[in-house]
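Residue-level listing of the chains:
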Amino acid sequence: MQQMQFEKQLTELTQADPIRIQALKCVAELCLPDCYIAAGFVRNLVWDSLHHQPEPTPLNDVDVIYFDSSESNSDRYLEYEQQLRLQMPNLNWQVRNQALMHTRNGDAPYRNSVDAMSYWPEKETAVAIRLNDKLEYECVSAFGLDSLFALKISHNPARPKKLFVSRVEGKNWLATWPLLKVTF
């Protein structure tokens, strides 16, 4: 029940942000399988809202994930990034086929986009949203949305603690969102 409430809240936050609406429409036009915008695109939106920030925190990049195990061209993502840059050049697009990312990360093959997110260093980053073919917003997460809305930043034991600490410090999240609680 709580998950549905958080999904509704996340959808409402997204619908109130014109840049995010436009980005989701552009990504939907690519018609990629199991495709979402993930990570900071979602996480930052929630944390900004819970910190009552008057302006959205600028996005370093926009992480587009999809899962296509039949894709034979490992550089195809560059074409998708270029298409998105033509539509929204103000955003730093990063598109990655999660069916290929396990080799870079030294993991067993992922089953789908959500499974791939379950290996990301922070649990609250493993969230994503898309505009589906019915023009409905769909939210997914590898670990649920409770801790994201509870203002936590949690280590995912699938990745080294050192990597998690480095990202928390290097990305300056605690300065940007001082109400966050780091959990291991």
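Quantities reported herein were computed from a predicted structural model and do not represent experimental measurements.

1. Regarding helix α3 (residues 40-50)
Taken across its 11 residues, α3 has nine buried, putting it largely inside the fold. Along α3, the positions that sit buried rather than exposed are G40, F41, V42, R43, N44, L45, V46, W47 and D48. Count one or two residues on from α3 and you reach H52, which has phi positive near 55°.

2. Overview of the sheet that holds strand β4 (residues 127-131)
A sheet is described by the order of its strands in space; here five strands give the open sequence β3-β2-β1-β4-β5, paired in mixed fashion. Of all strands in the sheet, those with a lone pairing partner are β3 (93-97) and β5 (137-141), marking the two edges. Each strand of the sheet is rotated relative to its neighbour by a mean of 30°, with strand direction disregarded. Bridge analysis of strand β2 (residues 62-66) against β3 gives five bridges, and the strand direction is parallel. In the sheet register, V62 faces β3, and the bridge partner there is W93. The sheet contacts of helix α2 (residues 18-29) involve β1 (36-38), β2, β3, β4 and β5, and relative to β4 the element is tilted by about 70°. Contacts from helix α4 (residues 76-87) reach β2 and β3, with the element oriented near 150° to β3.

3. A word on the layout of surface pockets
Estimates place the volume of the largest pocket at around 790 Å³. Forming the walls of the largest pocket are 34 residues, and the residues nearest its centre are A39, D63, T125, R167 and K171. Of all the secondary structure elements, the ones that give two or more residues to the lining of the largest pocket are α3, β2, β3, α5 (98-105), α8 (161-170) and α9 (173-176). Here the lining of the largest pocket is composed, by residue class, of 15 nonpolar, 10 polar and nine charged. The computed volume of the second largest pocket comes to approximately 200 Å³. As for the second largest pocket, its lining consists of 13 residues, of which A28, R130, L131, N132 and D133 are closest to the centre. Mapped by element, the contributors of at least two residues to the lining of the second largest pocket are α2 and β4. Here the lining of the second largest pocket is composed, by residue class, of nine nonpolar, one polar and three charged.

4. Regarding the pairing of β5
Pairing between β4 and β5: five bridges, direction antiparallel. In the strand pairing of β5, A128 is matched with V140. Remark: five residues form the turn of the hairpin made by β4 and β5, two consecutive strands paired antiparallel; L135 in that turn has positive phi of roughly 60°.

5. Comments concerning unusual backbone geometry
With a phi angle near 55°, H52 is a residue other than glycine that sits in the positive phi range. By the element assignment, H52 lies in the loop between α3 and β2. Phi at L135 takes a positive value of approximately 60°, unusual for a residue other than glycine. Considering the arrangement of structural elements, one finds L135 in the loop between β4 and β5. L135 sits in the exposed class, given a relative accessible area of 65%.

6. A word on the packing of aromatic side chains
Applying the stated rule across the entire model yields six aromatic pairs. Here F6 and F149 contribute two aromatic rings whose centre-to-centre distance is 4.4 Å and whose plane-to-plane angle is 5°, an arrangement assigned as stacked. In this pair, F6 sits in helix α1 (residues 2-15) while F149 sits in helix α7 (residues 146-149), placing the two residues 143 residues apart along the sequence. Take F6: its relative accessible area is 9%, and that puts it in the buried class. Judged by its relative accessible area of 11%, F149 is buried. Judged by centre distance (6.1 Å) and plane angle (75°), the ring pair of W47 and W173 falls under edge-to-face. Here W47 is found in helix α3, whereas its partner W173 is found in helix α9, with 126 residues between them in sequence. Accessibility classification places W47 together with W173 in one group, the buried group. Three or more aromatic residues link up through ring pairs in this structure, and these residues are W47, W173 and W177. Here R20 stacks its cationic end above the ring of F41, 5.1 Å away from the centre of that ring.

The rules behind these values
- Each chain carries its own residue numbering, running from 1 in the written order of its sequence.
- Given that the model is predicted, a residue must reach a pLDDT of at least 70 before its local features are reported, and side-chain atom pairs must reach 80 or more before they are shown or counted; all residues, however, enter totals for whole chains, interfaces and linings.
- Side-chain figures throughout are based on the complete set of non-hydrogen atoms in the structure, without hydrogens or water.
- Buried means the residue's accessible area, taken with a 1.4 Å probe over protein chains only, is under 20% of the maximum for its type, while exposed means over 50%, and partly exposed covers the values in between.
- Numbering goes from the N terminus for both helices and strands, where a helix is a DSSP run of H or I of at least four residues and a strand is a run of E of at least two.
- One bridge is not enough; two strands pair if DSSP finds at least two bridges between them.
- Angles run from 0 to 180 degrees between N-to-C directions of axes, and those axes are lines fitted to C-alpha atoms, restricted for helices to the stretch in contact.
- By definition in these notes, contact holds between two residues if any of their heavy atoms fall within 4.5 Å.
- Method remark: on a 1 Å grid restricted to protein atoms, a set of points is classed as a cavity if a 1.4 Å probe fits but cannot get out and as a pocket if it is open with protein on both sides within 12 Å along at least five of seven lines; lining residues have an atom within 4 Å of a point.
- Grid points are joined across faces, edges and corners, and a volume is the space filled by probe spheres set on the points.
- Residues were grouped as follows: Ala, Val, Leu, Ile, Met, Phe, Trp, Tyr, Cys and Pro as nonpolar; Asp, Glu, Lys and Arg as charged; and all remaining residues, including Gly, as polar.
- Working definition: a ring pair exists when centres of Phe, Tyr or Trp rings (six-membered ring for Trp) sit within 6.5 Å. Plane angles under 30 degrees give stacked, over 60 give edge-to-face, the rest tilted.
- Two conditions define a charge sitting above a ring: the NZ of Lys or the CZ of Arg must be within 6 Å of the ring centre, and it must be within 35 degrees of the ring normal.

Function-wise, these values are silent; they only describe arrangement.
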